[in-house]
Amino acid sequence: MHPPIDSKLPRVGTTIFTVMSRLAAEHGAINLSQGFPDFEPPARLTELADHHMRQRGGAGNQYAPMTGLPGLREAIAAKVAEYYGCRANPDSDITVASGGTEALFCAIQAIVRAGDEVILLDPAYDSYEPAITLAGGSAVHVPLLRPGFGVDWQRLQHAISPRTRLLVVNFPHNPSGATLSRGDLDTLAGLLRDTPVFVLADEVYEHMLFDGRSHHSLLSHAELAERSFVVSSFGKTYHATGWKVGYCVAPSALTQEFRKVHQFVQFVVATPLQAAIADFMREHPEHSRELPAFYQAKRDYFARLLGATRLRFEPAHSTYFQLVDYSAVSDLPDVEFARLLTTRHGVAAIPISVFSAEAVASERIVRFCFAKHEATLAAAAEKLRLL
Ligand SMILES: Cc1ncc(COP(=O)(O)O)c(C=O)c1O
């Protein structure tokens with residue numbers, strides 16, 4: 001018999017991604033639920049990883065520096081300078097982490113103290129709140145506006161209290177694909193100007209914007225960048241979600257605190273994978289530039305197929321997710337509908353209400369991931385046509 005546990009995370013169960021992926025496997029459904037590609041990373045990238053793993057006589061398979069391989073931090077610095085005009089110092093402002101998830105966790109642990117409030121914009125990615133709870137803080141939920149999932153600036157302003165320590169923003173937004181404009185960044189800067197609130201910007205979908213839109217990173221806004229941790233993920237950009245390599249860019253004082261946590265959560269990230277990504281970034285800078293067109297073609301292909309179903313949607317502005325309104329097909333709440341879609345109709349999706357503290361009762365929306373081969377999308381659409 002073990003002593004009573006008294007869970008630190010009593011409300012946390014298995015994530016919806018695990019639940020839906022498992023259900024998809026059990027029922028042989030096409031899995032458009034969890035956000036991962038069903039195609040390979042660039043062949044050159046895996047070749048480089050293999051090369052670095054086979055290096056003999058060096059330290060290629062031993063611990064990397066705690067902050068990340070210098071070559072990778074330099075490549076990240078060059079990238080954020082090119083894309084966002086941000087002068088990040090690779091030694092003091094950039095840390096390589098074990099995926100976006102670890103970077104988010106470390107930023108939250110570094111900055112949130114017992115009793116602090118952290119504002120989340122719902123629907124919010126599911127890893128934020130447990131990290132806040134473990135830090136002794138509490139989440140304050142501000143819903144994004146419908147139908148476009150824009151920020152409700154007035155509600156956000158009202159949510160800021162003397163206890164607010166951190167605001168988490170995730171744009172390009174999972175699940176909606178909403179983006180921020182330059183004007184939004186100015187509004188946000190104005191709102192926070194006289195407050196001691198830090199910002200954690202989850203920008204893991206930074207390279208997936210469509211129809212000529214651009215990503216306005218918080219790194220491109222000098223005033224916001226001064227108080228922000230900005231997180232990205234190579235898993236998303238290089239079709240290698242299983243590698244779990246990401247990073248955090250933050251001013252040196254914030255990075256110092258971030259690293260205090262990172263060195264005891266993860267310490268170091270897989271050395272040969274870091275080396276491969278650093279080489280690939282230098283050899284193939286066009287990969288990120290071509291990513292919008294690559295994913296826009298998939299979005300358009302999937303949208304054409306969905307046009308023949310009774311699902312309603314506006315083509316996603318960004319990310320590799322497409323939201324669809326299924327109210328013409330069913331009146332079931334989204335969690336039940338997603339289960340039924342998987343078990344009876346053979347396509348797995350993610351219900352979006354699970355990402356909100358208070359679901360919009362009338363909302364009938366699920367999320368599909370279109371980071372898939374055309375054949376996978378076509379097979380899924382064939383089943384969705386029968387709804
Ligand atoms: C919004 C958001 N943030 C963070 C992550 C995690 O990124 P990583 O796989 O690099 O840990 C994901 C992955 O799905 C995501 O959708």
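Here we summarise the structure given alongside this text. (Residues numbered from 1 in each chain as written. Predicted model: local features only at pLDDT ≥ 70, side-chain atom pairs only at ≥ 80, totals over all residues. Heavy atoms only, no water.)

**As for helix 12 (residues 286-306)**
Working step 1: With 21 residues, helix 12 ought to run about 30 Å at 1.5 Å a step, and its terminal C-alpha atoms sit 30 Å apart, in line with that.
Working step 2: Along helix 12, the sharpest kink reaches roughly 30°, centred on proline 292.
Working step 3: For helix 12, every residue scored as buried is listed here: His287, Ser288, Leu291, Tyr295, Lys298, Arg299, Tyr301, Phe302, Ala303 and Leu306.
Working step 4: For helix 12, the secondary structure elements touched by its buried residues are helix 3 (70-84), helix 9 (234-237), helix 11 (271-283), strand 9 (321-325), strand 12 (365-369) and helix 14 (374-384). (Helix = DSSP H or I, 4+ residues; strand = E, 2+ residues; numbered from the N terminus. Expected span 1.5 Å × (residues − 1). Bend = angle between axes of the 7 residues up to and from the residue. Buried < 20%, exposed > 50% of the residue type's maximum accessible area, 1.4 Å probe, protein only. Contact = heavy atoms within 4.5 Å.)

**Remarks on helix 13 (residues 334-343)**
Working step 1: Looking at helix 13, one finds that the buried residues are Asp334, Phe337, Ala338, Leu341 and Thr342. Down the axis, helix 13 shows its buried residues gathered within 135° of arc, on one side only.
Working step 2: Lining the buried residues of helix 13 we find helix 1 (16-27), strand 10 (347-348), strand 11 (350-351), strand 12 and helix 14. (Arc of directions from axis to C-beta.)

**Focus: the packing of helix 3 against helix 11**
Think of two packed helices as two axes; the pair is described by the angle between the axes and how far apart they sit.
Working step 1: Contact geometry of helix 3 with helix 11 gives a least axis separation of 8 Å together with a crossing angle of 35°. Of the two possible hands of crossing, helix 3 and helix 11 adopt the one that is left-handed. Contacts between helix 3 and helix 11 involve Gly71, Leu72, Ala75, Ile76 and Lys79 from the former and Gln274, Ile277, Ala278, Met281 and Arg282 from the latter.
Working step 2: Each residue belonging to the contact of helix 3 with helix 11 can be placed in one class, and the counts come to six nonpolar, two polar and two charged. (Axes fitted to C-alpha atoms, helices over the stretch in contact; angles between N-to-C directions. Left-handed = near helix turned anticlockwise from the far one by under 90°. Nonpolar A, V, L, I, M, F, W, Y, C, P; charged D, E, K, R; others polar.)

**A closer look at the sheet that holds strand 11**
Working step 1: If you walk across this open sheet you meet the three strands as 9-12-11, and the pairing is antiparallel. Each edge of the sheet is formed by a strand with only one pairing partner; in this case those strands are strand 9 and strand 11.
Working step 2: With five bridges connecting them, strand 9 and strand 12 associate as antiparallel partners. What sits directly across from phenylalanine 321, in strand 12, is cysteine 369.
Working step 3: Helix 13 rests against strand 11 and strand 12 of the sheet, and its axis sits at about 45° to strand 12. (Pairing = 2+ DSSP bridges.)

**Observations regarding the sheet that holds strand 8 (residues 246-249)**
Working step 1: A sheet is described by the order of its strands in space; here seven strands give the open sequence 2-8-7-6-5-3-4, paired in mixed fashion. If you trace the sheet from one side to the other, it starts and ends with strand 2 (94-97) and strand 4 (138-143), each paired once. The average angle at which neighbouring strand axes cross in this sheet is 20°, direction not considered.
Working step 2: Of the strands in this sheet, strand 2, strand 6 (198-202), strand 7 (228-233) and strand 8 touch helix 10 (residues 252-265), which is tilted by about 25° from strand 2.

**Some thoughts on the environment of glutamate 374**
Working step 1: Of note, glutamate 374 is situated in helix 14.
Working step 2: A C-alpha to C-alpha distance of 41 Å links glutamate 374 and glutamine 263, two positions 111 residues apart in sequence.
Working step 3: Among residues more than four places away in sequence, those in contact with glutamate 374 are Lys298 and Tyr301.

**Brief notes about the site of the ligand**
Working step 1: For the ligand, the set of nearby residues contains 13 residues, the closest of which are Thr101, Asp202, Tyr205, Ser233 and Lys244.
Working step 2: Between the ligand and the protein, one listed contact pairs an oxygen atom with a side-chain N or O atom of asparagine 174 at 2.8 Å.
Working step 3: Here the ligand has 390 Å² of accessible area as a free molecule, and 93% of this is covered by the chains.
Working step 4: Sorting elements by how many residues they give to the shell around the ligand places helix 4 (residues 99-111) first, with four residues.
Working step 5: In terms of residue class, the shell around the ligand is made up of four nonpolar, six polar and three charged. (Near = heavy atom within 4 Å. Polar contact = N/O pair within 3.5 Å; in protein donor to acceptor, adjacent residues only side chain to side chain. Areas by Shrake-Rupley, 256 points an atom, 1.4 Å probe, with all protein chains shown as cover.)

**A few points about the pattern of salt bridges**
Working step 1: All chains considered together, the criterion is met by 19 salt bridges.
Working step 2: Residues arginine 146 and glutamate 363 are paired through a salt bridge, measuring 2.5 Å at the closest nitrogen-oxygen approach. Placement of the pair is arginine 146 in the loop between strand 4 and helix 6 (153-159) and glutamate 363 in the loop between strand 11 and strand 12, with a sequence separation of 217 residues.
Working step 3: Under the relative-accessibility criterion, arginine 146 is labelled partly exposed at 29%. (Salt bridge = Lys/Arg side-chain N within 4 Å of Asp/Glu carboxyl O.)

Read these as geometric descriptors, not functional statements.
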